[in-house]
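# Summary of the model geometry
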Amino acid sequence: MPLLSVDEVSVYYGRIAALRGLSVVVAEGSAIAVVGANGAGKSTLLRAISGLVEPSSGRIRFADHEIAGTPPHALARAGITHVPEGRGIFPSLTVRENLELVRARVGTDEASLADVFGLFPRLRERQTQRSGTLSGGEQQMLSLAMGLLARPRLLLVDEPSLGLAPILVQELFDVFRQLREQQVTLVIVEQYINVVLDVVDHVYLLEKGRLVRSGPPGEFASEDMASTYFGSAAMRRGHARRPGANALDPSNHLKVAFTAGELRRLKASARATGRDASSFVREASLDLRSNGPSSDPDERARSSAGQVTRQGQRSSEGGVVKP
Ligand SMILES: Nc1ncnc2c1ncn2[C@@H]1O[C@H](COP(=O)(O)OP(=O)(O)O)[C@@H](O)[C@H]1O
Ligand SMILES: [Mg+2]
């Protein structure tokens, strides 16, 4: 029985079909790569699994439960953590503050911090450094560390190598290998196959929302695959670009740590007083730490829900229109 099975799932954004009848299977403790060009539907697949978008058809099963249509906070609580594209860190906070913020949110103990520092010694050394001044690779490590604080059973990671120098990509993928040893099941999205080949058991190649090929990584190592899907030198140069301004948009960082309602309130307060979102986050985080978990059961559920919050893309919020 696989831990995750995505069965004939289709997702529409308005009239645009982002996924068309896609099926993917992941065994517990294994790792798969989902690769494909920009716009192939890779991020949409992760969003469907973590509940951020609702499939118009198809089934998604996780740990023996049908989960399509389940809200993201409930899925996060069940052990699905989604590390989104674009880092999701708070640049004005230190490394330690970023981690403490998430730790307060998910309610894990001090020991979990020690665990992630064990995986990322570089972050331990840089605890007091403002995270916006970390290198791209270190920021990616921090983003992953924040995801791991939720102690996921299934970890979804969107383009972790984006913008990183090859040496840092290696370091990052060493961490994925260690996570596999700890039986964390992994779905890694990448634009190019070459970076993931020796970390995963199975590769799924998407094109325009459809599966065009899947198999063990060895089958993807041939010459023709290399020129078609590994990316030319020019594409790789493009791949090594800095993440766009959007990736560092504070609202992206906010989405990672707060529920949609909290985010709306934070943004409204920021607008009302003309202050930047980060200082509000700092205050909110201190508030969380001093007040402890809420006694409201719904709020408690969300507090333990981990990283992923609703991004307003579900049909109930008007973002996703079924055909
Ligand atoms: N929020 C959205 N609204 C409308 N279209 C979207 C949205 N997100 C993605 N798309 C479209 O869905 C398709 C798949 O996108 P995405 O899953 O982000 O691909 P990938 O991650 O492989 O680059 C693309 O055509 C993209 O333009
Ligand atoms: Mg994407």
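Given the structure is predicted, the values throughout are model-derived calculations rather than measurements. (Residues numbered from 1 in each chain as written. Chains lettered and ligands numbered in written order. Predicted model: local features only at pLDDT ≥ 70, side-chain atom pairs only at ≥ 80, totals over all residues.)

Of all 5 residues that make up strand S7 (residues 154-158), 5 are buried, and the element is covered over most of its length. Neither face of S7 is left uncovered, since the one carrying Leu154, Leu156 and Asp158 and the one carrying Leu155 and Val157 both have all their residues buried. In terms of strand pairing, S7 meets strand S8 (residues 185-190) through 5 bridges, oriented parallel. Directly across from Leu155, in S8, lies its bridge partner Leu186. The β-α-β motif built from S7, the intervening helix H7 (residues 166-181) and the parallel element S8 has right-handed crossover chirality. (Buried ≥ 20, exposed ≤ 12 C-beta atoms within 10 Å, placed from the backbone. Helix = DSSP H or I, 4+ residues; strand = E, 2+ residues; numbered from the N terminus. Pairing = 2+ DSSP bridges. Right-handed = clockwise from strand over helix to strand, strands pointing away.)

In the vicinity of ligand 1 lie 12 residues, with Tyr13, Ala18, Lys42, Ser43 and Thr44 positioned nearest. Elements represented by at least two residues in the shell around ligand 1 include exactly strand S2 (16-26) and helix H1 (42-50). The element best represented in the shell around ligand 1 is H1, accounting for 3 residues. Residue classes in the shell around ligand 1 are distributed as 4 nonpolar, 7 polar and 1 charged. (Near = placed C-beta within 6 Å. Nonpolar A, V, L, I, M, F, W, Y, C, P; charged D, E, K, R; others polar.)

Moving on to the sheet that holds S7. Across the sheet, 6 strands lie side by side as S6-S7-S8-S3-S9-S10; this open sheet has mixed pairing. For this open sheet the edge positions go to strand S6 (80-83) and strand S10 (210-215), each flanked by a neighbour on one side alone. Pairs of neighbouring strands in the sheet enclose a mean axial angle of 15°, with direction left out of account. Pairing between strand S3 (residues 31-35) and strand S9 (residues 202-207): 4 bridges, direction parallel. Bridged to Val35 within S9 is Leu205. Against the sheet, H1 touches S3, S6, S7, S8 and S9, its axis set at about 150° to S7. (Axes fitted to C-alpha atoms, helices over the stretch in contact; angles between N-to-C directions. Contact = placed C-beta atoms within 7 Å.)

Another point: the packing of helix H3 (residues 95-106) against helix H6 (residues 136-148). Interaxial distance between H3 and H6 falls to 9 Å at its minimum, and their mutual angle equals 25°. Overall, the two elements H3 and H6 adopt an arrangement that is roughly parallel. For the pair H3 and H6, the sense of crossing is right-handed. Where H3 approaches H6, its residues Val95, Asn98, Leu99 and Val102 are matched on the opposing element by Leu142, Ala145 and Met146. Classifying every residue of the contact of H3 with H6 by side-chain character gives 6 nonpolar, 1 polar and no charged. (Parallel < 35°, antiparallel > 145°, perpendicular 65-115°, else oblique. Left-handed = near helix turned anticlockwise from the far one by under 90°.)

On their own, these measurements won't tell you what the molecule is for.
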